[in-house]
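Analysis of the macromolecular model
Each chain, letter by letter, is given below.
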Amino acid sequence: MTMSNTNRNLSKEGEFIAVSTGMNLGGQISVIAKDYIQKADIVFALMPHTLAERWLERLNPNVVSLQPYYGVGKYRMQSYEEMIEAMMDEVRKGTRVCGAFYGHAGVFACVPRLTIDKAREEGFRAIMEPGISAEACLYADIGIDPGVHGIQGYEASQFLFYNQSLNNAAYAIMWQIGIVGEHTATQFETRPEWVESFVERLEEWYPSSHEVILYEAAVLPIEMPRIEYLKLKDLPNTEMSTKTTLVIPPIRNLELNIDVLEKMGLKPEDIAHG
Amino acid sequence: MSKKKLEEFIIQLSEDSKLKQSYIENPMAVMQKIGLEEQEIKAIMSGDKRQVSAILGQDAELVITGIIHLVKK
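Residues numbered from 1 in each chain as written. Chains lettered and ligands numbered in written order. Predicted model: local features only at pLDDT ≥ 70, side-chain atom pairs only at ≥ 80, totals over all residues. Heavy atoms only, no water.

Points about the overall build of chain B
From N to C terminus, chain B includes five helices and zero strands. Burial analysis of chain B (73 residues in total) assigns 41% to the buried set. In chain B, the proportion of contacts linking residues at least 24 apart, taken out of those at least 6 apart, comes to 38%. (Helix = DSSP H or I, 4+ residues; strand = E, 2+ residues; numbered from the N terminus. Buried < 20%, exposed > 50% of the residue type's maximum accessible area, 1.4 Å probe, protein only. Contact = heavy atoms within 4.5 Å.)

What follows is the structure in structure tokens.
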């Protein structure tokens, strides 16, 4: 289903546009996303810091922060439901509502997607504009090209709790390592024993001495990204936050699938590199 | 008033490639030329995010998480 199809025959007044602002203030927002913000009747914002909220207010004076809906000890799905309803209340009034979300609005952010789904269900136009995510910054800052070895990515707690698997010939990216094991959806930190369980799980594919990387994208132009190399076994004793990502480099080389090559009538030397 | 100047500087730094390059080459000189206060320059040069948050008047780092493992299937 294409974006245009999902918005076809929607005649109700009011719309919801989820835009991605990038990670680092005004330097990473797309031209069209900026335009949506400037032309909206009201802008709801989920930004990484208050300076970003004030930057948004320069584009549109009618900015409402969604941050107050979060709370330590408060069930996050409740926070999300309240955010969605706050934005939908405005859409239902027939106004042009813009949701401005830092990074990419569709990556590790369920509120924009759920609001779009709800708006469309109720007959309103709703779309998402993509943007520069932490993952995009990671490739630039660390210098990884996902096309070279391959990339697999998991939310760290999801990986821990569910029967996921890893290919240790490719990079693995574990998002939200700083809250790994947090199973109540009410807190914003992990515990050393939970990180230890996570490391034990990873040791099914990697030795504890394997070098890994902790990454945090810069969210201000005066910051440098965090790129910290450490051994896997040292992870439980390392400071992490909700912004921290774990990058696990591959531990073995790619292996050719000889069965596939034979079926295709190819030899290993037939495969071009570069 | 200085806080406003600091905010203006940081926002401009995110959008102006020439200013950014000058800042990368000599951050202290750029901030002094713009007229930031000594304590602001010191906080930024420390690289300590808590000090930077303090001078920007941010009580704490805001919360951004996606809780994918608990999103209903």
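Let's talk about the overall build of chain A
Summing up its helical and strand segments, chain A has ten helices and ten strands in all. Seen through its C-alpha atoms, chain A measures out along the principal axes to roughly 60 × 50 × 35 Å. Counting across all 274 residues of chain A, residues that qualify as buried make up 54%. Of the contacts formed within chain A by residues at least 6 apart in sequence, a portion of 65% connects residues at least 24 apart. Entry remark: accessible area of chain A is about 12,800 Å², with carbon and sulfur atoms responsible for 49%. In chain A, 24 positive and 37 negative side-chain charges are present, and the distance between their average locations comes to 6 Å. (Areas by Shrake-Rupley, 256 points an atom, 1.4 Å probe, with all protein chains shown as cover. Lys, Arg positive; Asp, Glu negative; His and termini not counted. Charge placed at Lys NZ, Arg CZ, Asp CG, Glu CD.)

Looking at the interface of chain A and chain B
Often the size quoted for an interface is simply the accessible area lost on bringing the parts together. The interface is formed by 43 residues belonging to chain A together with 28 residues belonging to chain B. Between chain A and chain B lies a buried interface of about 3,300 Å² when both sides are counted; carbon and sulfur atoms form 60% of it. Seen at the junction of chain A and chain B, the total is three salt bridges. E8(B) serves as the salt-bridge partner of R58(A), at 2.8 Å between the closest nitrogen and oxygen. Applying the counting criterion to the chain A and chain B interface returns six residue pairs in polar contact (both at pLDDT 80 or more). Of all the secondary-structure elements, those providing two or more residues to the side of chain A that touches chain B are helix 3 (50-59), helix 4 (76-92) and helix 8 (156-161) of chain A. With six residues, the top contributor of residues to the side of chain A that touches chain B is helix 3 of chain A. Looking at side-chain class alone, the side of chain A that touches chain B contains 20 nonpolar, 13 polar and ten charged residues. (Buried area = accessible area lost by both parts, 1.4 Å probe. Salt bridge = Lys/Arg side-chain N within 4 Å of Asp/Glu carboxyl O. Polar contact = N/O pair within 3.5 Å; in protein donor to acceptor, adjacent residues only side chain to side chain. Nonpolar A, V, L, I, M, F, W, Y, C, P; charged D, E, K, R; others polar.)

Here we look at the pattern of salt bridges
Enumeration according to the criterion identifies 16 salt bridges over all chains in this entry. The residue E239(A) makes a salt bridge to R50(B) at a minimum N-O spacing of 3.0 Å. Here E239(A), found in the loop between strand 9 (226-231) and strand 10 (245-248), pairs with R50(B), found in helix 5 (residues 49-55), and the two come from separate chains. The exposed category is assigned to R50(B), whose relative accessible area is 60%. One salt bridge in this structure joins E255(A) and R252(A), with 3.5 Å as the shortest N-O distance. For E255(A), a relative accessible area of 64% gives the class exposed.

Thoughts on the side chain of S79(A)
Residues and elements named next belong to chain A. Considering the arrangement of structural elements, one finds S79 in helix 4. Classification of S79 as buried rests on a relative accessible area of 0%. Within the structure, the side chain of S79 is placed 2.8 Å from the backbone oxygen of Y69, a separation counted as a polar contact.

Focus on the domain arrangement of chain A
All names here are of chain A. Parsing chain A into structural domains produces domain 1 (13-132) and domain 2 (135-248). Placing a centre on the C-alpha atoms of domain 1 and another on those of domain 2 gives a separation of 27 Å. Summing both partners gives a buried area of about 1,400 Å² for domain 1 against domain 2, and 67% of it is carried by carbon and sulfur. Notably, a salt bridge pairs R76 with E182, separated by 3.4 Å at the nearest N-O pair. Across the contact surface, domain 1 and domain 2 share two residue pairs in polar contact (both at pLDDT 80 or more). For the side of domain 1 that touches domain 2, the per-class residue count stands at ten nonpolar, five polar and two charged. (Domains from an automatic or database assignment.)

Quick notes on a negative patch on the surface
Judged by side-chain charge, E193(A), E196(A), E200(A) and E203(A) come together as a negatively charged surface patch. Locating E193(A) in the fold gives a position in helix 9 (residues 192-202). (Patch = residues over 30% accessible without salt bridge, like charges linked within 9 Å, V, L, I, M, F, W, Y side chains within 5 Å.)

Considering the sheet that holds strand 1 (residues 15-20) of chain A
All names here are of chain A. Strand order in this open sheet of five strands is 3-2-4-1-5, and the pairing throughout is parallel. Each edge of the open sheet carries a strand with a single partner, namely strand 3 (63-65) and strand 5 (125-129). Ignoring which end each strand starts from, the neighbouring axes of this sheet average 20° apart. Bridge analysis of strand 1 against strand 4 (residues 96-101) gives six bridges, and the strand direction is parallel. (Pairing = 2+ DSSP bridges. Axes fitted to C-alpha atoms, helices over the stretch in contact; angles between N-to-C directions.)

Structural notes on the pairing of strand 7 (residues 171-175) of chain A
Residues and elements named next belong to chain A. Within strand 7, five of the five residues are buried, which leaves it mostly tucked inside the rest of the structure. Covered by surrounding structure in strand 7 are Y171, I173 and W175 together with A172 and M174, the residues of both alternating faces. Sheet analysis places strand 6 (residues 151-155) next to strand 7, joined by five bridges and oriented parallel. The residue of strand 7 that forms the bridge with G153 is I173. Note that the unit made of strand 6, helix 8 and strand 7 has a crossover that is right-handed. Note that strand 7 and strand 10 share three bridges and pair antiparallel. In the strand pairing of strand 10, I173 is matched with V247. (Right-handed = clockwise from strand over helix to strand, strands pointing away.)

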